[in-house]
Amino acid sequence: MQPVISIIILRIRSERGIVVMKYLIVIMLATLVTVGNLWGFNVGVAGAGGCGSNPEVMVYKLAPCGPAAQDGSVAVSPKCCSLMKHVDKRCLCVLVLSEQVQSHGLNPAIAVTIPKRCNDPRRPKGYKCGAYTVP
């Protein structure tokens, strides 16, 4: 695929000039950043409270935590605990307080307890997420 892109760039360069080639490179870089964000990589601007530029992707990645975020008596799965180690405190709050998460029946007061239930020593103990505090 790379030789095809190179041929296209050379052809455009010879026909339209160097300005068009620079424009094409910018479009390709923007496409790579967008695709990277859709696949869950933190590419580009770090926004959305530490969840990268697309917090919806993080919501789907943390799907194994769903049952534990609905019911405090449900054991947190090892997969969920493994995933939670990569969620910083700002992202945790964005996720806990998001309408998307709450629309799936997840309880924010229970969701903030997941890091403690995973026995994560690095959890943001005492950190406030709106009306909820991480235990």
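Report follows, based on the coordinates.

## Points about helix α6 (residues 89-97)
Residues spaced three or four apart along an α-helix point in a common direction, a consequence of the helix completing one turn every 3.6 residues. Taken together, the buried positions of α6 are Cys-91, Leu-92, Cys-93, Leu-95 and Val-96. One side-chain oxygen at the N-terminal end of α6 lies 3.3 Å from the backbone nitrogen of Arg-90; it belongs to Asp-88.

## With respect to the state of the cysteines
For the structure shown, the criterion picks out 4 disulfides. Bridging Cys-51 to Cys-91, the disulfide has an S-S length of 1.9 Å. Torsion about the S-S bond of the Cys-51 and Cys-91 cystine: about 105°, corresponding to right-handed handedness. A residue pair is termed long-range when its members are at least 10 positions apart, and Cys-51 in the loop between α2 (18-38) and α3 (55-61) and Cys-91 in helix α6 qualify at 40 residues. Like Cys-91, Cys-51 is buried. The disulfide partner of Cys-65 is Cys-80, and the S-S distance across this bridge is 1.9 Å. Its S-S torsion of approximately 110° makes the covalent link between Cys-65 and Cys-80 right-handed. Taken together, the positions of Cys-65 in the loop between α3 and α4 (66-70) and Cys-80 in helix α5 (residues 78-84) put the pair 15 residues apart, joining distant regions of the chain. Of the residues examined, Cys-80 reaches a relative accessible area of 0% and is grouped as buried. Each bonded cysteine in the protein chain gets a number by its place in the sequence, and the pairs come out as 1-5, 2-3, 4-7, 6-8.

## Thoughts on the pattern of salt bridges
Throughout the structure, instances matching the rule amount to 2 salt bridges. For Arg-90, the salt bridge identified is with Asp-88, shortest N-O distance 3.4 Å. Classification of Asp-88 as partly exposed rests on a relative accessible area of 30%. Here Arg-122 makes a salt bridge to Asp-120, at a shortest N to O gap of 3.8 Å. According to the relative accessible area criterion, Arg-122 is exposed, its value standing at 56%.

## Quick look at the side chain of Asp-120
In this structure, Asp-120 sits in the loop between α9 (114-117) and β1 (128-129). For Asp-120, a relative accessible area of 9% corresponds to the buried category. Side-chain polar atoms of Asp-120 contact the backbone nitrogen of Arg-122, separated by 2.9 Å. Those residues within four positions of Asp-120 in sequence are excluded, and the remaining contacts are Lys-85 and Pro-115.

## What about unusual backbone geometry?
Notably, Asn-119 is not glycine yet its phi reads approximately 55°, a positive angle. Here Asn-119 is to be found in the loop between α9 and β1.

Analysis parameters
Residues numbered from 1 in each chain as written. Predicted model: local features only at pLDDT ≥ 70, side-chain atom pairs only at ≥ 80, totals over all residues. Heavy atoms only, no water. Buried < 20%, exposed > 50% of the residue type's maximum accessible area, 1.4 Å probe, protein only. Helix = DSSP H or I, 4+ residues; strand = E, 2+ residues; numbered from the N terminus. Polar contact = N/O pair within 3.5 Å; in protein donor to acceptor, adjacent residues only side chain to side chain. Disulfide = S-S within 2.5 Å. Salt bridge = Lys/Arg side-chain N within 4 Å of Asp/Glu carboxyl O. Contact = heavy atoms within 4.5 Å.

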